[in-house]
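# Descriptive analysis of the structure
Below are the chains, spelled out letter by letter.
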Amino acid sequence: MAYSIKNWNEKERPREKLIKHGAEALTDAELIAIIIRSGDRKRDAVMMARELLNENDGSLTQLINEPAEKLMRNSGIGITKAASIKAALELGKRAGMDVDEKHERIMSSDTVAGIFSPMLRHLKHEEFWAIFMDRSNRIIKKEKISSGGTFSTVVDIKIVAKKAVDLLSNSVIVVHNHPSGNMNPGDLDKNITKRLLSALEMFEIRLLDHIIIAGKGYFSFADSGIL
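Here we summarise the structure given alongside this text. (Residues numbered from 1 in each chain as written. Predicted model: local features only at pLDDT ≥ 70, side-chain atom pairs only at ≥ 80, totals over all residues. Heavy atoms only, no water.)

## With respect to the sheet that holds strand E5 (residues 217-220)
Using the following cut-off: Strand pairing is defined by DSSP finding a minimum of two bridges between the two strands. Note on conventions: DSSP H or I runs of at least 4 residues are helices, E runs of at least 2 residues are strands, and numbering of each starts at the N terminus. Here an angle of 0 to 180 degrees is reported between the N-to-C directions of two axes, which are lines fitted to C-alpha atoms, with helices fitted over the stretch in contact. Should any heavy atoms of two residues lie within 4.5 Å, those residues are considered in contact.
Ordered by their spatial adjacency, five strands build an open sheet running E2-E1-E3-E4-E5, and the pairing between neighbours is mixed. Across the chains shown, the open sheet's two edge strands, defined by having one partner strand only, are strand E2 (139-147) and E5. Ignoring strand direction, the axes of neighbouring strands in this sheet form an average angle of 20°. Note that strand E1 (residues 127-133) and E2 share seven bridges and pair antiparallel. Considered in E2, the bridge of Phe-132 is made with Lys-141. Those strands touched by helix H8 (residues 157-166) are E1, E2 and strand E3 (171-177), and its axis lies near 160° from that of E2. This element, helix H9 (residues 187-201), spans E1, E3 and strand E4 (206-214) of the sheet and lies at about 155° to E4.

Here it is in structure tokens:
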């Protein structure tokens, strides 16, 4: 028989706590326990959730990026539990991106890093994003342009320029991550920036910045005087 949270004091049970006090009152482990529903013969759902978090340095962002196959290597985590965890965390990730973009204004490189660092810094592959903005630097749209390997991702300059024109953008900021944790731009990063700048200038659209997310830090081409 599986360890059951039903044997706990009712005030300590995650589901009952959530209903009475709200989801914000629960720990990360308790929220994950509600998702996976039950434990196994040795652990209850909360213990199992704590083990999952510990294996990912206590980071929900890191857990989000773990493939389902890796989650299933944990004792007691089968396809149903792994799929439930991935689905719930992905919904949370999408909710974080689903803001009222028309009212979000880019004020600095810190603003951009604050948006993208939580979603990019733990990835084990590179992603390249573009932010399309109006004359007031308010976001029209954020869009992933490409996703690639550990060291690079292919960026089609024409796609970025076309989207900027189609959206009637006045300016663009591009963002990508370095899974290595090295925030310094390489020759490829500099080349892409130069080509993007030239392509967008043809349509009188400004490239305001190219930001590299690496670990807990970031590099800004604009702040460094390269743009």
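On we go.
## Focus on a nonpolar patch on the surface
Put simply, the test is: The patches reported here contain residues having more than 30% relative accessible area and no salt bridge. Joining distances are 9 Å for like charges and 5 Å for nonpolar side chains (Val, Leu, Ile, Met, Phe, Trp, Tyr). Residue-level accessible areas treat just the shown protein chains as cover; the underlying method is Shrake-Rupley with a 1.4 Å probe. Whenever a carboxyl oxygen of Asp or Glu lies within 4 Å of a side-chain nitrogen of Lys or Arg, that contact is scored as a salt bridge. Relative accessibility under 20% of the residue-type maximum defines a buried residue, over 50% an exposed one, and the middle range a partly exposed one, all with a 1.4 Å probe and only protein chains included.
A surface patch of nonpolar side chains, amounting to about 310 Å² of accessible area, comprises Val-165, Met-202 and Phe-203. Along the chain, Val-165 turns up in helix H8. What makes Val-165 partly exposed here is its relative accessible area of 32%.

## Comments concerning unusual backbone geometry
Located in the positive-phi region is Leu-168, a residue other than glycine, with phi close to 55°. If you trace the backbone, Leu-168 turns up in the loop between H8 and E3. The phi angle at Glu-204 is positive, at roughly 60°, despite the residue not being glycine. One can find Glu-204 in the loop between H9 and E4. The exposure class of Glu-204 is exposed, given its relative accessible area of 73%.

## Remarks on the pattern of salt bridges
Here the structure, examined in full by the defined rule, presents 11 salt bridges. Lys-158 is the partner of Asp-156 in a salt bridge, and the nearest nitrogen-oxygen pair spans 3.5 Å. With a relative accessible area of 31%, Asp-156 lands in the partly exposed category. If you follow the salt bridges from partner to partner, you end up with Asp-40, Arg-43 and Glu-51 in one network.

## Side note on the pairing of E3
Under the convention used in this document: Handedness of a crossover: with both strands directed away from the viewer, a clockwise path from the first strand across the helix to the second marks it as right-handed.
With seven of seven residues buried, E3 lies mostly within the body of the structure. Direction of pairing for E1 relative to E3: antiparallel, over a ladder of six bridges. Residue pairing in the sheet places Trp-129 in a bridge with Val-175 of E3. Where E3 meets E4, seven bridges bridge the pair, whose relative direction is parallel. Bridged to Val-174 within E4 is His-210. With H9 bridging E3 and the parallel E4, this β-α-β connection has right-handed handedness.

## Comments concerning the packing of H8 against H9
Threshold: Any angle that falls under 35 degrees is termed roughly parallel, while one over 145 is termed roughly antiparallel, one within 65 to 115 roughly perpendicular, and all others oblique. The crossing is said to be left-handed when, going from far helix to near helix, the turn is anticlockwise and less than a right angle, and right-handed when the turn is clockwise.
Contact geometry of H8 with H9 gives a least axis separation of 10 Å together with a crossing angle of 40°. Of the possible angle classes, the one that applies to H8 and H9 is oblique. Judged by the twist between their axes, the crossing of H8 over H9 is right-handed. Contact residues: H8 offers Ile-157, Val-160, Ala-161 and Ala-164, while H9 offers Ile-192, Arg-195, Leu-196, Ala-199 and Leu-200.

## Quick look at the packing of aromatic side chains
The following threshold applies: Pairing of aromatic rings covers Phe, Tyr and Trp, the last through its six-membered ring, and needs centres within 6.5 Å; plane angles under 30 degrees mean stacked, over 60 mean edge-to-face, and all others mean tilted.
For the coordinates displayed, the defined rule picks out two aromatic pairs. Here the aromatic rings of Phe-219 and Phe-221 are separated by 5.4 Å at their centres, their planes lie at 90°, and the arrangement is edge-to-face. Residue Phe-219 is classed as buried on the basis of its relative accessible area, which comes to 14%.

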